[in-house]
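# Understanding the architecture of this molecule
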Amino acid sequence: MKKTEINSTEIAKLAGVSRSTVSRVINNYSNVPAETREKVLKVIQQYNYFPNVSAQVLAGKRARTIGLFLIEQGNVSGDMLTNMLIVSVIEHASEHGYYVLTHIIRDAKDTEMIKNVKEIFFQRRIDGGIFIGAAIHEPFIEELIDEGFVIGIVDQTLSDHPEPNRIVSKFNNDSGMKQAVAYLAGLGHSKIGVINGDMNRLSGQTKFEGYKTAMRMCGLQVNPNWVLNGDDFHERSGYKVIQKLMSQETDLPTAIIAANDSVAFGAIRALKEHKLRVPEDLSMIGFDDHALSEKHHPALTTIRVDFSDMLKRMTSCLITKIEQKTTDIKEITVDCSLVVRESCRRI
């Protein structure tokens, strides 16, 4: 008999026991005689029988699966950082005996796509979910939290009325920008520009605010011509804003801080096309410490963020809340540190 043709009732008939006895064996209840248990398990193994997950969920059992949702319009497979984030969640969930269902949300305003995502939660196919790439306020995520689902959001802060089923993690971008500006100022730079990332996301806003605060603390002026607004946190964004800067009749800064390392890579590529060298003609600092930053030419000075540790803590907190229904409010803040390489010079 094929697996698809057998159910717990038929297992009970083959073992010569009641259906409730099969259920007690599957759920490892202690009130089943050893001989009966062995007989039932032998039939289960013989026919490769596994309980129907939907039935278990209806009975109030966990699916032992968490969702990982990436809100991303671009090419996920080609981005090393995104792939590292995915693997990190899978790795840490596996350590807790959980599976990970992954899904890419190309457009958070696509009603049909969001309907499908919400169905995954309401059908109890997952016990909770982690969202990466969400805007500061994402209505459908707020709806899921209001419904009581356990939700983790990367690059987010707590709301005015924090809920115990919301877990957020953020980076200490203010500290990171202060370290970057102070380092450049120490090298003699006063003309420091910035390439912003997606300003709809927390990191986009907090990095820019951190940059302005750091410039003020160092007694330096922010030149509006050197505040370069990118669309997102991808390489193409850094490339595009530098091309635009070079087309304008304006002085260039002596140093630029990029929203992240990918943006810095794109900016350096554009500068090279205009015969400008890093760091000889312009110094560059990234943010995140991408896997390729040390191998880039020149090796990129950057602000290191431990994404793996952050996602380990996020995944562990999510599963703990799923299993123990804890009521504590959880916000994870990840610190940053300056990594000095070869992309900045003293002037």
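Our subject in this report is the structure included herewith. (Residues numbered from 1 in each chain as written. Predicted model: local features only at pLDDT ≥ 70, side-chain atom pairs only at ≥ 80, totals over all residues. Heavy atoms only, no water.)

For any pair of aromatic rings, the description consists of the separation of the ring centres together with the inter-plane angle of the planes. Under the counting rule described, the total for this entry stands at eight aromatic pairs. Measuring from centroid to centroid gives 5.2 Å for F122 and F149, while their planes differ by 90°, and the two rings are edge-to-face. Here F122 is found in helix α6 (residues 111–122), whereas its partner F149 is found in the loop between α7 (139–146) and β4 (150–154), with 27 residues between them in sequence. Residue F122 is classed as partly exposed on the basis of its relative accessible area, which comes to 44%. Given the relative accessible area of 5%, F149 is considered buried. An aromatic cluster is built from F69, F121, F122, F131, F140 and F149, whose rings are joined through pairwise contacts. Sitting over the ring of F287, K207 keeps its end group 4.3 Å from the ring centre. (Phe/Tyr/Trp six-rings, centres within 6.5 Å; stacked < 30°, edge-to-face > 60°. Helix = DSSP H or I, 4+ residues; strand = E, 2+ residues; numbered from the N terminus. Buried < 20%, exposed > 50% of the residue type's maximum accessible area, 1.4 Å probe, protein only. Lys NZ or Arg CZ within 6 Å of the ring centre and 35° of its normal.)

Let us now look at the sheet that holds strand β9 (residues 283–285). In spatial order, the strands read β7-β6-β8-β9; together these four strands make up an open sheet with parallel pairing. Strand pairing shows two members of the sheet lacking a second neighbour, β7 (227–229) and β9, which therefore form its edges. In this sheet, neighbouring strand axes are inclined to one another by 20° on average, regardless of whether the strands run parallel or antiparallel. Relative to β9, strand β8 (residues 255–258) runs parallel, the two sharing three bridges. In the sheet register, I257 faces β9, and the bridge partner there is I285. The strands that helix α10 (residues 235–246) touches are β6 (192–196), β7 and β8; relative to β7, the one it contacts most, it runs at about 130°. Helix α11 (residues 261–273) rests against β6, β8 and β9 of the sheet, and its axis sits at about 160° to β9. (Pairing = 2+ DSSP bridges. Axes fitted to C-alpha atoms, helices over the stretch in contact; angles between N-to-C directions. Contact = heavy atoms within 4.5 Å.)

It is worth spelling out the pattern of salt bridges at this point. Per the stated rule, a full pass over the model turns up 17 salt bridges. With a shortest N-O distance of 3.6 Å, E323 and R64 are connected by a salt bridge. Taken together, the residues E323 in helix α12 (residues 307–324) and R64 in the loop between α4 (53–58) and β1 (65–71) connect sequence positions 259 residues apart. The exposure class of R64 is partly exposed, given its relative accessible area of 30%. Of the charged contacts in the structure, one is a salt bridge between K178 and D174, with a shortest N-O distance of 2.9 Å. Separated by four residues within a single helix, K178 and D174 lie in helix α8 (residues 173–186), roughly one turn from each other. Since its relative accessible area comes to 29%, K178 is described here as partly exposed. (Salt bridge = Lys/Arg side-chain N within 4 Å of Asp/Glu carboxyl O.)

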